[in-house]
Amino acid sequence: MTAPAHTRSEPGRQPSPSRRVPNLGWTFLIPALIGVVALVYAPLAFTVVQSMKGPAGGFGGGEIFLGLDNYQQMLDDGTLTMLLKNSILWTVGVVLGQNLLGFACALLMNARWLGSGLLRAVLVLPWVLPGIVAALLWKFMYDPQLGLIGSVLQRGFGVDPNQVQFLASPSIALIAVIVAAIWKGFPFSFLIYLAALQTVDRDLIEAAVVDGGGRWTILRQVILPALKPVISLTVLLTSIFTFNYFDLIWVTTQGGPLDATHIFPTYIFQVGFGQFNFELAAAYGVVAFLLLTLLLIPYLRQVRREELTH
Amino acid sequence: MLGKPTTAGKIGQIVVALLIVAPIVWMFGLSLKPPGEPFANPANLWPNSPTFGNYASAVRPEFRTYFLNSSILSIVTVLVSVTLGLVGAYGLLHTKIRARLLLISALVAAQMVPAASIIIPLFTATKDLGLLDTRAALIGAYIALTLPVATVMQYTFLRRLPTEVFEAARVDGASTGRVLVSIVLPLSVPALIATSVWLTVVVWQEFLFALSFTTSPNMRTLPVGLNDFIGQYGIRYGELMATSIVMSVPVIGLFLLLQRYFVQGITAGAVKG
């Protein structure tokens, strides 16, 4: 599969006719590569090493070799199951929500008029807001007495907001943080889909209109097929971002109540910097990375394909 | 859906925009609430007697320190990562396709590695070097976070430059380095701007590393300072919201000013140009 693609992409495409001038590409790459290896890949390797150790105990500090004990522990005490369950619900919920909302907004906002520029800028605001500010904002939004959501429920539906402890109830907290994350993240999907909509072949749409196709038909038969590659790329990308999310959950719930909103980044932070068990935190870090590769591999495949057909 | 909107379409656009922005309007309203005015229960969208008083207290001395720290970290990180990234991206253009695919995959993977998966060794190394609670430690961590994306993002820009540009200069006998400085650099201005804005936004709001690597108030950054604020000042929400807005304005401003470049940069990888 690689070989034909390789020959296809060669002629005339690359600015590297290295026959006349020596190929200096690697010289230019060295500083960036040293930086990435030293600051990302080496630490990742050390995380694996450290995950097989444990604190030696006593006052001297130090570490002893434990093999896979840390991994055994997270299996035995159920935290791994808890984190897997929360991470899947969180990632699927946020990614579905933010891409559906982003796509719907892109369709809605695609029609241009005088107000478009301003309205688009307004829609992008949640995403441009610093993560910590959005997190604080939603912490207050969900406050049963002072928050805007409680107020809307009380005025609009006569619900006593004290009955709905959004962030304090283990069964609701995860949904509450998912909603906040969708609000924060959807403009990213919106911007990408809006840009992609501009590339849809207008002739195809006109043709569908001539054939008597309604909006739904145009969406299903022209727009969705044309945007399929962009959608799958965006879904993968937002899944990776969401899986790695820290600020919003840490600031609103700290992973609580009763671990109901803990995902890998928040749990690793708590174990490492709350309980100072760096080795166990490293083990969770390794598991988080392994899980991420499930998303990373299809994403890299897309990146490769895009590079070859560029 | 396409073309000119109907009146219903326009109203739909406005209603959706209002719903999305409502939390931010509410936050702005809270920032204008005089400290004495009691909280309405249920909450109102807007205070009864708005005042800008909270903004005066929002720029207290410690927040000036946080602001300075965040600015220094952003500037240094952007300078290092954007420069190394541009040179690296230019190098990538000159590699053979197989090596290039491998390198791009390695860079993209590095960009996606969960920060929480590398934070423990970075913390340990920082401690062993005696750099805990210094700006240098955070700069190292922030280069780790931004160098891969800076390289990949600028590469996707350079890749779009017409190849004739390079070849013409080459025929004239210019060296690879010479082409970078006198031809690629001037053409890369939009890429440099877009990448710098993106990295500034990333560093300006980074929370996990800043929370873990700094302890003294002198080294805290805006996001961590803001988070500490909740605990310290109890129920002074007006001030808290005013501070939040002061912190958000630089990144929102940067974005709105450079929106065009920025959107190009974000979508460069996902949408074919």
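Residues numbered from 1 in each chain as written. Chains lettered and ligands numbered in written order. Predicted model: local features only at pLDDT ≥ 70, side-chain atom pairs only at ≥ 80, totals over all residues. Heavy atoms only, no water.

## Considerations on the overall build of chain B
Note the cut-off: Each helix is a run of H or I in the DSSP string that is no shorter than four residues. Each strand is a run of E no shorter than two, and both are numbered from the N terminus. Think of it in three bands: with a 1.4 Å probe and only protein chains considered, a residue is buried below 20% of the maximum accessible area for its type, exposed above 50%, and partly exposed in between. Only heavy atoms matter for contacts: two residues are in contact if any of them lie within 4.5 Å across the pair. Values of accessible area rely on a 1.4 Å probe in the Shrake-Rupley scheme; residue burial ignores everything except the protein chains shown. By the counting scheme adopted, Arg and Lys are positive, Glu and Asp are negative, and His together with the chain ends is not counted. Where a charge lies is defined by one atom per residue type: Lys uses NZ, Arg uses CZ, Asp uses CG and Glu uses CD.
Broken down by element type, chain B carries 13 helices and 0 strands. Order of helices (α) and strands (β) in chain B, N terminus to C terminus: α-α-α-α-α-α-α-α-α-α-α-α-α. Referenced to the eigenvectors of the C-alpha coordinate spread, the extents of chain B come out at roughly 75 × 65 × 30 Å. For chain B, with 273 residues in total, the buried portion stands at 56%. In chain B, 73% of the contacts between residues at least 6 apart in sequence involve partners at least 24 apart. With an accessible surface of roughly 10800 Å², chain B has 69% of that area assigned to carbon and sulfur atoms. In chain B, 18 side chains carry a positive charge and 10 a negative one; their mean positions are 9 Å apart.

## Overview of the interface of chain A and chain B
This is how the line gets drawn: Defined in terms of a 1.4 Å probe, buried area is the accessible area two parts forfeit on being brought together, summed over both. By definition, a salt bridge exists where a carboxyl oxygen of Asp or Glu is found within 4 Å of a side-chain nitrogen of Lys or Arg. For the purposes of these results, a polar contact is taken to be a pair of N or O atoms within 3.5 Å, where, inside protein, one atom must be able to donate a hydrogen and its partner to accept one; residues adjacent in sequence count only when each atom of the pair is a side-chain atom. Lys, Arg, Asp and Glu make up the charged group, whereas Ala, Val, Leu, Ile, Met, Phe, Trp, Tyr, Cys and Pro make up the nonpolar group; the residues left over, Gly among them, are polar.
Between chain A and chain B, the contact holds 109 residues from the first and 107 residues from the second. Summed over both sides, the interface between chain A and chain B buries roughly 9900 Å², with carbon and sulfur atoms accounting for 75% of that surface. Our enumeration of links across chain A and chain B arrives at 3 salt bridges. B:Arg159 serves as the salt-bridge partner of A:Glu307, at 2.7 Å between the closest nitrogen and oxygen. On inspection of chain A and its partner chain B, the count reaches 13 residue pairs in polar contact (both at pLDDT 80 or more). Considering every element that reaches the side of chain A that touches chain B, the biggest residue donor is helix H2 (residues 25-51) of chain A, with 17 residues. Across the side of chain A that touches chain B, the residue classes break down as 75 nonpolar, 22 polar and 12 charged.

## Re the packing of aromatic side chains
What counts is decided by this rule: Each pair of aromatic rings taken from Phe, Tyr and Trp, with Trp reduced to its six-membered ring, is defined by centres within 6.5 Å and is described as stacked if the planes are under 30 degrees apart, edge-to-face if over 60, and tilted in the remaining cases. Note on geometry: a ring has a charge over it if NZ (lysine) or CZ (arginine) is within 6 Å of the ring centre and within 35 degrees of the ring normal.
Within this structure, the stated rule accounts for 29 aromatic pairs over all chains. For the pair A:Phe278 and B:Phe123, a centre-to-centre distance of 5.3 Å together with 45° between the ring planes defines the contact as tilted. With A:Phe278 in helix H13 (residues 278-309) and B:Phe123 in helix H5 (residues 115-128), the pair connects residues from two separate chains. The exposure class of B:Phe123 is buried, given its relative accessible area of 6%. The structure contains a cluster of three or more aromatic residues connected by ring pairs, namely A:Phe246, A:Trp250, A:Phe269, A:Phe273, A:Phe276, A:Phe278, B:Phe123, B:Phe207, B:Phe209 and B:Phe213. Positioned above the aromatic ring of B:Phe229, the side-chain terminus of B:Arg60 is 4.9 Å from the ring centre.

## Description of the nonpolar core
What counts is decided by this rule: To form a nonpolar core, buried Ala, Val, Leu, Ile, Met, Phe, Trp, Tyr and Cys residues must be joined to one another through side-chain atoms within 4.5 Å.
A:Trp90 and A:Phe190 are the most contacted members of the largest nonpolar core, which has 188 residues in total. The element best represented in this core is helix H8 (residues 173-197) of chain A, accounting for 17 residues.

## Thoughts on the packing of helix H11 (residues 222-232) of chain B against helix H12 (residues 237-257) of chain B
Residue and element names in this part refer to chain B. Basically, it comes down to this: The angle between two axes is taken between their N-to-C directions and runs from 0 to 180 degrees, where each axis is a line fitted to C-alpha atoms and a helix contributes only its stretch in contact. Each angle is binned into one of four classes, with values under 35 degrees roughly parallel, values over 145 roughly antiparallel, values of 65 to 115 roughly perpendicular, and all other values oblique.
Contact geometry of H11 with H12 gives a least axis separation of 11 Å together with a crossing angle of 175°. By the criterion of interaxial angle, the relationship of H11 to H12 is roughly antiparallel. Residues Leu222, Pro223, Leu226, Phe229 and Ile230 of H11 form the contact with H12, whose participating residues are Glu239, Leu240, Thr243, Ser244 and Met247. Residue composition of the contact of H11 with H12, by class: 7 nonpolar, 2 polar and 1 charged.

## A closer look at the packing of helix H4 (residues 79-109) of chain A against H8(A)
Helix-helix packing is described using two parameters, namely the angle between the two axes and the distance between the axes. All names here are of chain A. Quick note on the threshold: We call a crossing left-handed when the near helix sits turned anticlockwise from the far one by less than a right angle, and right-handed when that turn is clockwise.
Two elements in contact, H4 and H8, have axes separated by 6 Å at closest approach and are oriented at 40°. When the interaxial angle is binned, H4 and H8 end up oblique. Crossing handedness for the pair H4 and H8: right-handed. Its residues placed into classes, the contact of H4 with H8 shows 20 nonpolar, 8 polar and no charged.

## A short note on the confidence of the model for chain A
Formally: For every residue, the predictor states its confidence as a pLDDT score lying anywhere from 0 to 100.
For chain A, the mean per-residue pLDDT works out to 87, and 90% of the residues sit at or above 70. A low-confidence stretch, residues 1-21 of chain A (pLDDT under 50), is modelled with 30 contacts involving residues beyond four sequence positions or located in other chains.

## Examining a nonpolar patch on the surface
Residue and element names in this part refer to chain A. Keep this limit in mind: Two distance rules govern patches: like charges are joined within 9 Å, and nonpolar side chains (Val, Leu, Ile, Met, Phe, Trp, Tyr) within 5 Å, applied only to residues with over 30% relative accessible area and no salt bridge.
A contiguous nonpolar surface patch, about 460 Å² in accessible area, is contributed by Leu84, Ile88, Val92, Leu96 and Leu100. Examined against the element boundaries, Leu96 turns out to sit in helix H4. What makes Leu96 exposed here is its relative accessible area of 51%.

## Let's talk about the pattern of salt bridges
With the rule as written, the count across this model stands at 7 salt bridges over all chains. Note that A:Glu306 is salt-bridged to B:Arg159, the shortest N-O span being 3.3 Å. With one member in each of two chains, A:Glu306 in helix H13 and B:Arg159 in the loop between helix H6 (135-158) and helix H7 (163-171) form a pair that bridges those chains. Of the two residues examined, A:Glu306 and B:Arg159, each falls in the buried class. A salt bridge links B:Arg100 to A:Glu307; its shortest N-O distance comes to 3.5 Å. One end of the pair, B:Arg100, is in helix H4 (residues 97-112); the other, A:Glu307, is in helix H13, on a second chain. Of the two residues, B:Arg100 and A:Glu307, both sit in the buried class. Taken together, the salt bridges that share partners define one network made up of A:Glu306, A:Glu307, B:Arg100 and B:Arg159.

## Some details on unusual backbone geometry
All names here are of chain A. A cis geometry characterises the amide bond from Gly256 onward to Pro257, with omega recorded as -15°. Summarising the element assignment, Pro257 is placed in the loop between helix H11 (247-252) and helix H12 (264-274). Located in the positive-phi region is Asp259, a residue other than glycine, with phi close to 65°. With respect to the element layout, Asp259 can be found in the loop between H11 and H12.

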